[in-house]
Amino acid sequence: MHSYVALLRAVNVGSNQIKMDHLRAAFVRAGNEDVTTYIQSGNVLFASSLIPTAARDHVRTVIRDEFDKDVIVVIRTAEQIAGVCAGNPFLPSEQDASKLYVNYLSGEPTAAATATFMAAVAKTPDEVQIVGAHAYIRFANGAGTSKLTTAVWKKLGVDSTARNWNVTNKLAELAAAARSLG
């Protein structure tokens, strides 16, 4: 069994309302084990024998079939989430965790897409460093005032979903605990 974190984009935003107890139950009915959710924004920890790409497709199918929602799903293993926490290029220099986010990408963007994206980022006061399939963000004035809109992120040519630094760390902690139990 593999320990996974499913990061669902835009769950419980607008019309994409899914109750977490219903989501957990759907995951269990679909054959996953050790299912838990963290906060209401679409973070599901679970165990599955599927490989990561199959697990992502499985989760999308479960959500589509159970809730009639088509959401972006990014899957990370417990090890990958731990690596995200260890690899933040803005630490330890940035002491204000509220300015730090990670945008989890569905794959590594091409060099051309990254260059186009970084040109758009350069027009903002925010900083972004892309490391593999993760975009680390330091918001100069907080996420709520950022000019890094969905249109800017689409320049990367891959799906993505963001989590703040505190949520990322909590997911790593929960995933490590689940992994040690498995």
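Check the entry above for the structure.
None of the values given here were measured: they were computed from a predicted structure.

> Just to check I follow, could you spell out the overall build of the chain for this structure?
A tally of regular secondary structure across the chain gives six helices and eight strands. Helices (α) and strands (β) of the chain occur, in sequence order from the N terminus, as β-α-β-β-α-β-α-β-α-β-β-α-β-α. Over its C-alpha trace the chain gives a radius of gyration of 16 Å, about what one expects of a compact globule, namely 16 Å for 182 residues. Each principal axis of the C-alpha distribution contributes one length, and for the chain these read about 45 × 35 × 30 Å. Counting only residues that meet the buried cut, the chain has 44% of its 182 residues in that class. Looking at the chain alone, contacts between residues at least 24 apart form 71% of all its contacts between residues at least 6 apart. Of the roughly 9,000 Å² of accessible surface on the chain, 51% is carried by carbon and sulfur atoms.

> I would appreciate a short explanation of the sheet that holds strand β8 (residues 160-164) in the present structure.
Strand-to-strand pairing in sheets goes through backbone hydrogen bonds, with the strands running parallel or antiparallel. Taken in spatial order, the four strands line up as β6-β7-β5-β8 in an open sheet, and their pairing is antiparallel. Lying at the two open borders of the sheet, with one neighbouring strand each, are β6 (127-131) and β8. Strand-to-strand twist in this sheet, taken as the mean axis angle between neighbours without regard to direction, amounts to 20°. Of the strand pairs in this sheet, strand β5 (residues 100-105) and strand β7 (residues 134-138) are connected by five bridges, and their pairing is antiparallel. By the bridge assignment for β7, Tyr 104 is matched with His 134.

> Is there a simple way to think about the side chain of Asn 32 in this case?
In this structure, Asn 32 sits in the loop between α1 (20-29) and β2 (33-37). In terms of polar contacts, Asn 32 uses its side chain to reach the side chain of His 58, at 3.2 Å. Beyond its immediate sequence surroundings of up to four residues, Asn 32 is in contact with Phe 27, Phe 46, Ala 47, Ser 48 and His 58.

> Would you take a moment to explain the pattern of salt bridges for this structure?
Between side chains of opposite charge, pairing is possible as soon as their charged atoms come close. Counted according to the given criterion, the structure contains seven salt bridges. One connected set of salt bridges, linked through shared partners, spans Arg 60, Arg 64 and Asp 70.

> What is the right way to read the packing of aromatic side chains from this model?
By convention here, two paired aromatic rings are described through the distance between centres and the angle between planes. Applying the stated criterion across every chain yields a total of four aromatic pairs. Between Tyr 101 and Phe 139, the aromatic rings sit 5.1 Å apart at their centres with planes inclined by 80°, giving edge-to-face as the arrangement. Here Phe 139 lies in the loop between β7 and α5 (150-154) and Tyr 101 lies in strand β5, a separation of 38 residues in the sequence. Here Tyr 101 falls in the partly exposed class, since its relative accessible area comes to 21%. Consider the rings of Phe 117 and Trp 153, whose centres lie 4.8 Å apart with planes at 40°: the pair is tilted.

> Quick question: what am I supposed to make of the nonpolar core here?
Generally speaking, a soluble globular protein has its nonpolar side chains buried in company with each other. One finds Leu 8, Leu 23, Phe 46, Val 59 and Ile 63 to be the most contacted residues of the largest nonpolar core, which totals 20 residues. Of all the elements in the fold, those that place two or more residues in this core are β1 (2-8), α1, β3 (43-48), α2 (52-67) and β4 (73-77). At five residues, the largest contribution of residues to this core is made by α2. Beyond its immediate chain neighbours, meaning those up to four positions away, Leu 23 contacts Leu 8, Ile 18, Thr 37, Val 44, Ile 63 and Phe 67. Among the nonpolar cores identified, the runner-up in size contains 18 residues, and Leu 45, Val 74, Cys 85 and Phe 90 belong to it.

> It is not clear to me how helix α3 (residues 78-86) should be interpreted in this structure. Could you clarify?
The α-helix winds at 3.6 residues per turn, so residues separated by three or four positions along the chain end up facing the same way. Residues Ala 78, Ile 81, Val 84 and Cys 85 constitute the buried set of α3. Taken end-on, α3 shows its buried residues confined to a sector of 120°, consistent with a single buried face.

Procedures and definitions
- Per chain, the residues get numbers from 1 upward, laid out in the order the sequence is written.
- With pLDDT at 70 or above as the cut-off, local features in this predicted model cover only qualifying residues; side-chain atom pairs require 80 or more to be listed or tallied, and sums for whole chains, interfaces and linings still use all residues.
- Side-chain calculation: all heavy atoms of the structure are included, whereas hydrogens and water are not.
- What counts as a helix is a DSSP run of H or I of at least four residues, what counts as a strand is a run of E of at least two, and both are numbered from the N terminus.
- Between the two quantities, the radius of gyration covers C-alpha atoms and the globule rule is 2.2 Å times the number of residues to the power 0.38.
- Partly exposed residues are those whose accessible area sits between 20% and 50% of the maximum for their type, while under 20% is buried and over 50% is exposed, using a 1.4 Å probe and protein chains only.
- Residue contacts are counted whenever heavy atoms from the two residues lie within 4.5 Å of one another.
- Residue-level accessible areas treat just the shown protein chains as cover; the underlying method is Shrake-Rupley with a 1.4 Å probe.
- Paired strands, in this sense, are two strands between which DSSP finds at least two bridges.
- Helix axes are fitted to C-alpha atoms over the stretch in contact, other axes to C-alpha atoms as well, and angles between N-to-C directions run from 0 to 180 degrees.
- Between N or O atoms, a polar contact is any pair within 3.5 Å; within protein, one atom must be a potential hydrogen donor and the other a potential acceptor, and residues adjacent in sequence are included only when both atoms are from side chains.
- Between Lys or Arg on one side and Asp or Glu on the other, a salt bridge is scored when a side-chain nitrogen of the former is within 4 Å of a carboxyl oxygen of the latter.
- Aromatic pairs are defined between Phe, Tyr and Trp rings, using the six-membered ring for Trp, whenever the two ring centres lie within 6.5 Å; interplanar angles under 30 degrees are classed as stacked, those over 60 as edge-to-face, and all others as tilted.
- Residues belong to one nonpolar core when they are buried, are Ala, Val, Leu, Ile, Met, Phe, Trp, Tyr or Cys, and are joined through side-chain atoms within 4.5 Å.
- It is the directions from the helix axis to the C-beta atoms whose arc is reported.

As far as function goes, none of this settles anything; it's purely spatial.
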